[in-house]
Amino acid sequence: MVSTSRIDRALRALGNTLILAAAAFSIAACAPKGPSRPPCPAGQVCIQAGNVSEPVTLDPHKSTGTWEDRIIANLLIGLTDSDEKGEAVPGMAERWETSSDGLVWTFYLRDANWSDGVPVTADDFVYSLRRILLPETASEYASVLYLIKNAQAVNEGKAPKEALGVRAISPKVLEITLNHPAPYLPELAKHHTMSPVPKHLLDKVGEKWVQPGNYLSNGPYIVTDWKLGDYVRLVKNPRFYEADKVCVDQIYLYPTPDAAMAERRVARGELDMNADIQSNRIAFLRETMPGYVRTHTFLGVTYLAFNSNVPAFKDKRVRQALAMSIDRDFITEKLLRGGQKAAYTFVPPGVANYTAAPPPAWASWPLEKRQAEARRLLAQAGYGPKNPLRFEIKHRNTPDPMLFMPAIQADWKEIGVDARLVQNEAQIAYAAFRSRDFDVADAAWIADYNDAMSFLYLQQSATGPQNYGDYRNPAYDALLAKADAEVDAQVRAGYLAQAEALMLDDAPVAPIYFYVNKNLVSPKVTGFVDNIVDQHRARYWCVAKGTPGARNSVAPKG
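Residues numbered from 1 in each chain as written. Predicted model: local features only at pLDDT ≥ 70, side-chain atom pairs only at ≥ 80, totals over all residues. Heavy atoms only, no water.

> Would you take a moment to explain the overall build of the protein chain for this structure?
In terms of regular secondary structure, the protein chain is built from 16 helices and 19 strands. Relative to the compact-globule value of 24 Å for 558 residues, the protein chain shows a C-alpha radius of gyration of 24 Å, a close match. Along the first, second and third principal axes, the C-alpha atoms of the protein chain reach 70 × 60 × 40 Å. Counting every position in the protein chain, which comprises 558 residues, the buried fraction comes to 59%. The long-range fraction of contacts in the protein chain, counting pairs at least 24 apart against all pairs at least 6 apart in sequence, stands at 70%. As displayed, the protein chain offers around 22200 Å² of accessible surface, 54% of which is attributable to carbon and sulfur atoms. With 62 positive and 62 negative side-chain charges, the protein chain shows a spacing of 4 Å between the two charge centroids. (Helix = DSSP H or I, 4+ residues; strand = E, 2+ residues; numbered from the N terminus. Rg over C-alpha atoms; globule rule 2.2 N^0.38 Å. Buried < 20%, exposed > 50% of the residue type's maximum accessible area, 1.4 Å probe, protein only. Contact = heavy atoms within 4.5 Å. Areas by Shrake-Rupley, 256 points an atom, 1.4 Å probe, with all protein chains shown as cover. Lys, Arg positive; Asp, Glu negative; His and termini not counted. Charge placed at Lys NZ, Arg CZ, Asp CG, Glu CD.)

Put into structure tokens, the structure is as follows:
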């Protein structure tokens, strides 16, 4: 039986949502149609794509967002790359081999050039891997490469860059030495943190290399224009090693933070695709725009991070109380309705070579029992009607958080907590999280590579800015270290599961739901294959010949 207060809370949350949605619809309906499609040169194939957010940078060593990766991945190719299914395949490296202990990897590079005709060499990779780890680069992603020998020491300024375990054996042979076995290295090698940058250009122009007109690519596209707040334009790179297999000549990528407006632009034919859909619109869009909605299981989790620098959140009982009192089923089944699954663990299902840790015991309790236990824990910590717990939740203003954050606020009100919502544009929110300028952070994480460590390392003491809540537990760190040193995949998975269980009990984060990836794609676009990592390289796209509404379309190649 559902309590009256539960119904009232649901109606209030839903009512607020409907009011906001109605307002958004009214504004969108009355708004001008926006910019028409830019002209596509005769005989060329052009695609207009919504990319959710404005990129902060196109420097792979300073990028942090998926909206940036969607651009960079079409400009730069690492040792490996994603195929149509999102799986790791040879990139700059045609092949590789490992030593018997799994510590030394040798990559044999293909013949390939930068977009100015200069060859891509092993020295470019040595230079790049050193660069991202230099303290002065201030890469927020540097810690993901701590598996490389001496990487952490270099990043912390305790060792010279030359100590890093990378070397060019010859112009076409690169050697990487690791601290521990990492069978997932080919997966990680396609991530932008391991992308090469053109050493000869940076030696000449320094940090200005990322500006359009300077930027050199070794991938299928070059960037020709970046109109801040408007679009980034990519044009086919004639010097790409498989340029003859690339169909689309030009791509315009637009920031589309308003998913409802982006949806209408796709429907009008102004955009051919958008990299997000408002979850509660999916069923409607399947009916009204048949063939456009693309969803798939995804390696991603939405969660709340508790800032351990805030006195209230130093108390484990407070964190546990807040984590257990969230009605995740209401959020996924009644609000989002996009196929998301309630999350009681941090690592999503479907991660390779991993069996998830058991969820906390309270995960199976009815909501009323969880709320009662949460009130008891808060009372033990000194909070109650005479001394209510008050704080801010800083959240992203993207479509899904705008739906579910009022519900979480209402859940916490039920246990006597006064949480004030503060919405920020996604980039601003994440900048605040990395600088610890928050009480509770609404965050999400998408796997950088298909392995549980891609999620669990976020709460590791050495992780740095992306460990938003500054969680530190030596026992947790020790279990991850044991997993790193373990060659046996099953034993390694056991250590990782123990670490996850320990972290969930400490509750530095509250997982909310596991993602599905959501794309809105015109049926005229071919080569866009749904996959678990939501990686869609434009080199595989084309526009079906004769499709209604297609501009200068041609038949897919290859």
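> It is not clear to me how the side chain of Asp276 should be interpreted in this structure. Could you clarify?
For Asp276, the position within the fold is in the loop between β11 (273-274) and α8 (282-288). A polar side-chain atom of Asp276 sits 3.3 Å from a polar atom in the side chain of Lys518. Residues within four places of Asp276 in sequence aside, it is in contact with Val52, Pro399 and Lys518. (Polar contact = N/O pair within 3.5 Å; in protein donor to acceptor, adjacent residues only side chain to side chain.)

> Any chance you could explain the sheet that holds strand β4 (residues 93-98) here in plain terms?
Adjacent strands of a sheet form backbone hydrogen bonds with each other and so pair up, either parallel or antiparallel. Spatially, β4-β5-β7-β6 is the arrangement adopted by the four strands of the open sheet, whose pairing is antiparallel. Each of the sheet's edge strands pairs with one partner strand only, and the pair in question is β4 and β6 (166-170). Each strand of the sheet is rotated relative to its neighbour by a mean of 25°, with strand direction disregarded. Sheet topology places β4 next to strand β5 (residues 104-109); five bridges connect them, and they run antiparallel. Considered in β5, the bridge of Trp96 is made with Phe107. (Pairing = 2+ DSSP bridges. Axes fitted to C-alpha atoms, helices over the stretch in contact; angles between N-to-C directions.)

> It is not clear to me how the environment of Tyr471 should be interpreted in this structure. Could you clarify?
Summarising the element assignment, Tyr471 is placed in the loop between α14 (453-456) and α15 (474-485). For Tyr471 and Ser461, which are ten residues apart along the polypeptide, the C-alpha to C-alpha distance reads 6.5 Å.

> Would you explain the pattern of salt bridges in this entry?
Between side chains of opposite charge, a pair can form as their charged atoms come close. Inspection of the entire model under this criterion finds 32 salt bridges. One salt bridge connects Arg131 with Glu207, and the closest N-O pair in it is separated by 3.0 Å. With Arg131 in helix α3 (residues 122-133) and Glu207 in the loop between α6 (199-205) and β8 (221-227), this residue pair connects regions lying 76 residues apart in the sequence. The partner of Asp470 in a salt bridge is Arg436, and the shortest N-O contact between them spans 3.0 Å. Taken as a pair, Asp470 in the loop between α14 and α15 and Arg436 in the loop between α13 (426-434) and β16 (440-446) lie far apart in primary sequence, 34 residues in all. Salt bridges sharing partners connect three or more residues here, namely Asp81, Glu242, Lys245, Arg537 and Arg539. (Salt bridge = Lys/Arg side-chain N within 4 Å of Asp/Glu carboxyl O.)

> Sorry if this is basic, but what is going on with the nonpolar core here?
Looking at soluble globular proteins, one finds that nonpolar side chains tend to be buried together. Among the nonpolar cores identified, the biggest contains 116 residues, and Leu79, Ile148, Ile176, Tyr303 and Tyr354 are the most heavily contacted of them. Ranked by residue count, the leading element in this core is helix α16 (residues 489-506), at seven residues. Residue contributions to this core reach at least three from each of two domains, namely domain 1 (46-244) and domain 2 (299-515). Those residues in contact with Tyr354 that sit more than four places away from it in its chain are Val347, Ala452, Leu456, Ala493, Leu496, Ala497 and Glu500. Counting 38 residues, the second largest nonpolar core, distinct from the first, contains Phe306, Trp362, Leu389 and Ala407. (Core = buried A, V, L, I, M, F, W, Y, C linked by side-chain atoms within 4.5 Å. Domains from an automatic or database assignment.)

> Please clarify how the environment of Tyr354 should be interpreted in this entry.
Tracing the backbone shows Tyr354 in the loop between β13 (341-342) and α11 (367-380). Spatially, the C-alpha atom of Tyr354 lies 8.2 Å from that of Leu496, the residues being 142 residues apart in sequence.

> In this structure, what is going on with the environment of Pro474? I would like to understand it.
Counting through the fold element by element, Pro474 comes out in helix α15. Separated by 14 residues in sequence, Pro474 and Gln460 have C-alpha atoms that sit 8.9 Å apart.

> Mind showing me how you'd approach helix α12 (residues 399-414) here?
In an α-helix, one turn spans 3.6 residues, which is why side chains three or four residues apart end up on the same side. The buried fraction of α12 amounts to twelve of the 16 residues, a majority that puts the element mostly inside the structure. Taken residue by residue, α12 has Pro399, Asp400, Pro401, Leu403, Phe404, Met405, Pro406, Ala407, Ile408, Ala410, Asp411 and Trp412 as its buried positions. Looking one or two places after α12, you find Gly416, whose phi comes out positive at around 85°.

> Before we go on, may I ask you to explain the state of the cysteines in this structure?
Each disulfide consists of a covalent bond between the sulfur atoms of two cysteine residues. Summed over the entire model, instances satisfying the criterion amount to two disulfides. The disulfide that involves Cys40 links it to Cys46, with 2.0 Å between the sulfurs. Its S-S torsion of approximately 80° makes the covalent link between Cys40 and Cys46 right-handed. The exposure class assigned to Cys40 is buried, which follows from its relative accessible area of 12%. The exposure class of Cys46 is buried, given its relative accessible area of 6%. Across a sulfur-sulfur distance of 1.9 Å, Cys247 and Cys542 are joined as a disulfide pair. Here Cys247 and Cys542 share a disulfide; its torsion about the S-S bond, 45°, makes the bridge right-handed. One end of the pair, Cys247, is in the loop between β9 (231-236) and β10 (250-254); the other, Cys542, is in strand β19 (residues 542-543), and 295 residues separate them in sequence. As far as burial versus exposure is concerned, Cys247 and Cys542 are alike and both buried. Take the cysteines of the protein chain that form disulfides and number them in order along the sequence; they join up as 1-2, 3-4. (Disulfide = S-S within 2.5 Å.)

> Explain α11 here, please?
Here α11 contains 14 residues, and its C-alpha end-to-end distance of 20 Å stays within 8% of the 20 Å for a straight helix at 1.5 Å per residue. For α11, the set of buried residues is Leu367, Arg370, Gln371, Glu373, Ala374, Leu377 and Leu378. The buried side chains of α11 occupy one side of the element, clustering within an arc of 165° when seen end-on. A positive backbone phi angle near 100° is found at Gly382, which sits one or two residues after α11. (Expected span 1.5 Å × (residues − 1). Arc of directions from axis to C-beta.)

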